[in-house]
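Below are the chains, spelled out letter by letter.
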Amino acid sequence: MSTDRSVLYAVLCLLLTFLSNNRECNGDAFSPSIIHQQSSKPALLHFRNICGSKRSSIFRSSSVLFSANSKNKMSRPEKKALERKRKQARKQGTYANSVASGPAIQDSKKFALHSNNVSELNSNSSSADDVIKAIKRAQKRHDIHDLQVISKFLIEEVDESFGFGFRGSLLARLAVAALHMSNEGAATCAIASRAIELRRTEYRSSMLPMESAAIIRGLLRIHNVTDAMNILHDELAFPIDGAPLNSPENQDKLKYRAYSIASVASRHFYEMEPIAAVEACKMLKEMGPIVRESGLGAEDLNMPWARIIQGAAQCESARRNGSISIEQSDKDIKIPCNLVYSVLNAMTSFPSQNDDETYEALSNALVRRTNFITGAIEMSGCPDADRGEVIFIGRSNVGKSSLVNMVTNRKSLAYTSKRPGKTQQFNFFAVNDKPGKEKEVKYGDFVPGEKDLDSFYILDVPGFGFAKVPEKQRKAWSDFLAEYITNRKTLRVIFHLIDGRHGPIDEDDNIMRQISESKPNSVQYVIVLTKADKNVKGASTGNGGKVSSAILEKVRKVAQGNNVGSAPILLTSAETKLGRDDMWRYMRLAAEA
């Protein structure tokens, strides 16, 4: 009798083992009992020992049961389909856990998440770092369920003491994540709105400018410009009058205010909304002097000028080909002939970092085509006065042609030579003339089309002083220059180039006197000190060059003696590209003529 019981017990253990394995193959969660885990193998050995040859009949009878259960095994496609179904259920928040933990355990997890790293949030055990990890995962995976759980936890469950007082920062991070997922539906926008409002009302004293700037960028992503500008004027307002601008708190606020306005300008340019973008650039221009006063440098700011310029160039291109039209708004905003000039205005008011990427983008946007038009030796040889003009004058070997090539980002627009006096005539170069203009110049063929709105002439004149030319020809050049400055109605800017190593010589004194006597009031006279890199050992883009105080004092003294003492003085270098921004600030006067 005891033998039969042992046999029966062993059969039951084998049956439990088989059923467990079979259910695991079918993908069902199954937890074997303690009896099965502890007794299946000893029972099997006991069964084999006591049954001997009789066990074969038992196995034959039980094999029918085993084979019947094996017919229920799931195929590989069925398993894959079941796994996909479960993944979809997890994504929708209807699947709790793959391990059977019972409904009571699931209900106790009030803030359960899909993440394995942070499976739930609890006001007693969860930290601010856990919340950040959960937010980052939800944003990366676009998990709306987790975002809603995190929102409920931060807004309804915890108080201001959670995370050692960093609840306001967590709300800002939640709002940014929700705005990033705005394409998932209105629920995410509602989460962002609640988080922003709670942060504004309860954590105003601890709001960080970096967080406000991130929220503004998120609002611009969903085209909510109104709320973005409200946060800009509220949370990133200028420091109150009398507050020290150079304090770390105010410097931080100014920096992120500049970043936010730059984001507004960039967003509007890329969305082909030029009026709003120009208005944002005007705000940056007005902010520039305050930034300089605060002591922030170009390296501290690292403004995204290149991106804004590229956006303005795309918008201007659409404007030229007729894809968009610009109607003057009621606001006091002047739309420039090239939208990139509005960015240039803002750039020149901020500390300059002389960045190659930025100024290459600027030059390519402002100088799209260049053509040599003609070389004149008298007024009758000048082209039609149908656009603004810029003239470069100075003694021989001062670097006129090199400077022309630098500001236009061209290698050989104006011919350069180590031999003084290579330029022997007044050379007119057209910037942004109509496409195909070179055919008219070379072959006389008529090419239909119109010049661009920002087209102008650059005039490179012969040098005086070291040029090996007869005195009669030099006198003719001087007379032609005086007549040109006096009578050319479209002349807007005179750049007088002086060697920054030596200062003004007698020829520069004569040029200043001539300009003082013949220059109309509508013409801007600018003194340009060249070759500033020669005064610095190991000059580079970051250290473009300098001029000694003695040279600067000498230039001012000579200028005042010739009644042009109010002229601005620029430092330039064709080697290190120093002064590109300052040169274009005045060249635009010719483009807008």
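Please refer to the structure placed before this passage.
Residues numbered from 1 in each chain as written. Predicted model: local features only at pLDDT ≥ 70, side-chain atom pairs only at ≥ 80, totals over all residues. Heavy atoms only, no water.

S.K.: For this particular structure, what's the right way to read the overall build of the protein?
M.R.: For the protein, the count of helices and strands is 23 helices and seven strands. Taking all 593 residues of the protein together, 45% fall into the buried category. Long-range contacts, defined as pairs at least 24 residues apart, comprise 73% of the intrachain contacts of the protein with a sequence gap of at least 6. In the form shown here, the protein has an accessible surface area of approximately 30600 Å², with 49% of it arising from carbon and sulfur atoms. (Helix = DSSP H or I, 4+ residues; strand = E, 2+ residues; numbered from the N terminus. Buried < 20%, exposed > 50% of the residue type's maximum accessible area, 1.4 Å probe, protein only. Contact = heavy atoms within 4.5 Å. Areas by Shrake-Rupley, 256 points an atom, 1.4 Å probe, with all protein chains shown as cover.)

S.K.: What exactly am I supposed to notice about the packing of aromatic side chains here?
M.R.: By convention here, two paired aromatic rings are described through the distance between centres and the angle between planes. In total, this model carries eleven aromatic pairs according to the counting rule given. Here the aromatic rings of Phe153 and Phe162 are separated by 5.5 Å at their centres, their planes lie at 85°, and the arrangement is edge-to-face. Assigned by exposure class, Phe153 and Phe162 land together as buried. With centroids separated by 6.5 Å and ring planes inclined at 50°, the aromatic side chains of Tyr341 and Trp584 adopt a geometry described as tilted. Of this pair, Tyr341 sits in helix α16 (residues 340-349) while Trp584 sits in helix α23 (residues 580-591), placing them 243 residues apart in sequence. In this structure Tyr341 comes out as buried when scored by relative accessible area, which is 0%. Take Trp584: its relative accessible area is 1%, and that puts it in the buried class. Every member of this aromatic cluster is reached through a ring pair, and the members are Phe111, Phe153 and Phe162. The side chain of Arg257 reaches across the aromatic face of Phe238, ending 4.2 Å from its centre. (Phe/Tyr/Trp six-rings, centres within 6.5 Å; stacked < 30°, edge-to-face > 60°. Lys NZ or Arg CZ within 6 Å of the ring centre and 35° of its normal.)

S.K.: Is there a simple way to explain the environment of Leu578 in this structure?
M.R.: Along the chain, the position of Leu578 falls in the loop between β7 (569-571) and α23. C-alpha of Leu578 to C-alpha of Ser352: the two residues are 226 residues apart in sequence and 9.9 Å apart in space.

S.K.: Can you walk me through the environment of Asp506 in this structure?
M.R.: Looking at the secondary structure, you find Asp506 in helix α21 (residues 506-518). By relative accessible area, which is 61% here, Asp506 ends up exposed. Distance from Asp506 to Arg395, taken between C-alpha atoms, is 9.8 Å for residues 111 residues apart in sequence.

S.K.: I'm lost on the side chain of Asn427 in this one. Help?
M.R.: Mapped onto the secondary structure, Asn427 falls in strand β3 (residues 426-431). Of note is the side chain of Asn427, whose polar atom sits 3.3 Å from the side chain of Gln425. In this structure Asn427 touches Phe372, Thr374, Gly375, Ile458, Leu459 and Asp460, once residues within four positions along its chain are discounted. (Polar contact = N/O pair within 3.5 Å; in protein donor to acceptor, adjacent residues only side chain to side chain.)

S.K.: What should I look at first to understand the pairing of strand β2 (residues 388-394) in this one?
M.R.: In the case of a regular strand, side chains alternate between the two sheet surfaces. When you tally the buried positions in β2, you get seven out of seven residues, the bulk of the element. Relative to strand β5 (residues 491-499), β2 runs parallel, the two sharing six bridges. Directly across from Phe392, in β5, lies its bridge partner Phe495. (Pairing = 2+ DSSP bridges.)

S.K.: Would you mind showing me how to read the packing of helix α6 (residues 128-141) against helix α8 (residues 167-180) here?
M.R.: One way to put it is that α6 packs onto α8 with a least axis distance of 10 Å and a crossing angle of 5°. What the angle tells us is that α6 and α8 run roughly parallel. On α8, the residues touching Ala128, Val131, Ile132, Ile135, Lys136 and Gln139 of α6 are Leu170, Arg173, Leu174, Ala177 and His180. (Axes fitted to C-alpha atoms, helices over the stretch in contact; angles between N-to-C directions. Parallel < 35°, antiparallel > 145°, perpendicular 65-115°, else oblique.)

S.K.: How do you make sense of the pattern of salt bridges when you look at a structure like this?
M.R.: Where side chains of opposite charge bring their charged atoms close, a pairing between them can arise. Scanning all chains against the criterion turns up 28 salt bridges. Close ionic contact of Arg199 with Glu211 constitutes a salt bridge, the shortest N to O distance being 3.5 Å. One end of the pair, Arg199, is in helix α9 (residues 186-202); the other, Glu211, is in helix α10 (residues 209-221), and twelve residues separate them in sequence. With a relative accessible area of 0%, Arg199 lands in the buried category. Between Asp509 and Arg513 there is a salt bridge whose closest N-O contact spans 3.2 Å. Taken together, the positions of Asp509 and Arg513, both in helix α21 and four residues apart, correspond to about one turn of that helix. Salt bridges sharing partners connect three or more residues here, namely Arg368, Arg369, Asp452 and Asp454. (Salt bridge = Lys/Arg side-chain N within 4 Å of Asp/Glu carboxyl O.)

S.K.: What is the right way to read the sheet that holds strand β4 (residues 456-460) from this model?
M.R.: Hydrogen bonds along the backbone pair up the strands of a sheet, which may run parallel or antiparallel. Spatially, β1-β3-β4-β2-β5-β6-β7 is the arrangement adopted by the seven strands of the open sheet, whose pairing is mixed. In this open sheet, the two strands that pair with only one neighbour each are β1 (370-376) and β7. The sheet shows a mean angle of 25° between the axes of neighbouring strands, direction not considered. Across seven bridges, β5 lies against strand β6 (residues 524-530) in parallel orientation. What sits directly across from Leu497, in β6, is Val528.

S.K.: Looking at this model, I keep getting lost on the pairing of β3. Mind explaining?
M.R.: Counting buried positions along β3 yields six of six residues, so the element is predominantly enclosed. Burial of β3 is two-sided: the residues Phe426, Phe428 and Ala430 facing one way and the residues Asn427, Phe429 and Val431 facing the other way are all buried. Bridge analysis of β1 against β3 gives six bridges, and the strand direction is antiparallel. Bridge pairing in β3 links Thr374 to Phe428. Of the strand pairs in this sheet, β3 and β4 are connected by five bridges, and their pairing is antiparallel. Within β4, the residue paired with Phe429 across the bridge is Ile458.

S.K.: Just checking my understanding: could you explain empty space enclosed by the protein for this structure?
M.R.: Which parts of space are left empty comes out when a probe the size of a water molecule is rolled across the atoms. Following the criterion strictly, the structure yields two cavities of 30 Å³ or more and no others. For the largest cavity, the calculated volume is near 70 Å³. Every residue lining the largest cavity is listed: Trp305, Met347, Pro351, Ser352, Gln353, Asn354, Asp355, Thr358 and Tyr359. Tallied by class, the residues present in the lining of the largest cavity amount to four nonpolar, four polar and one charged. (1 Å grid on protein atoms, 1.4 Å probe; cavity = no way out; pocket = protein on both sides within 12 Å on 5 of 7 lines; lining within 4 Å. Points joined across faces, edges and corners; volume = space filled by probe spheres on them. Nonpolar A, V, L, I, M, F, W, Y, C, P; charged D, E, K, R; others polar.)

S.K.: Which parts of the structure should I look at to understand the packing of helix α11 (residues 225-235) against helix α12 (residues 248-270)?
M.R.: Two numbers describe a pair of packed helices, the interaxial angle and the distance between the axes. Contact geometry for α11 and α12: axes closest at 10 Å, N-to-C directions at 160°. On the basis of their axis angle, the class for α11 and α12 is roughly antiparallel. Considering only the axes of α11 and α12, their crossing is left-handed. In this structure, α11 contributes Val225, Met229, Leu232, His233 and Glu235 to the contact, and α12 contributes Lys253, Arg257, Ser260, Ile261, Val264 and His268. The class makeup of the residues in the contact of α11 with α12 is five nonpolar, three polar and three charged. (Left-handed = near helix turned anticlockwise from the far one by under 90°.)

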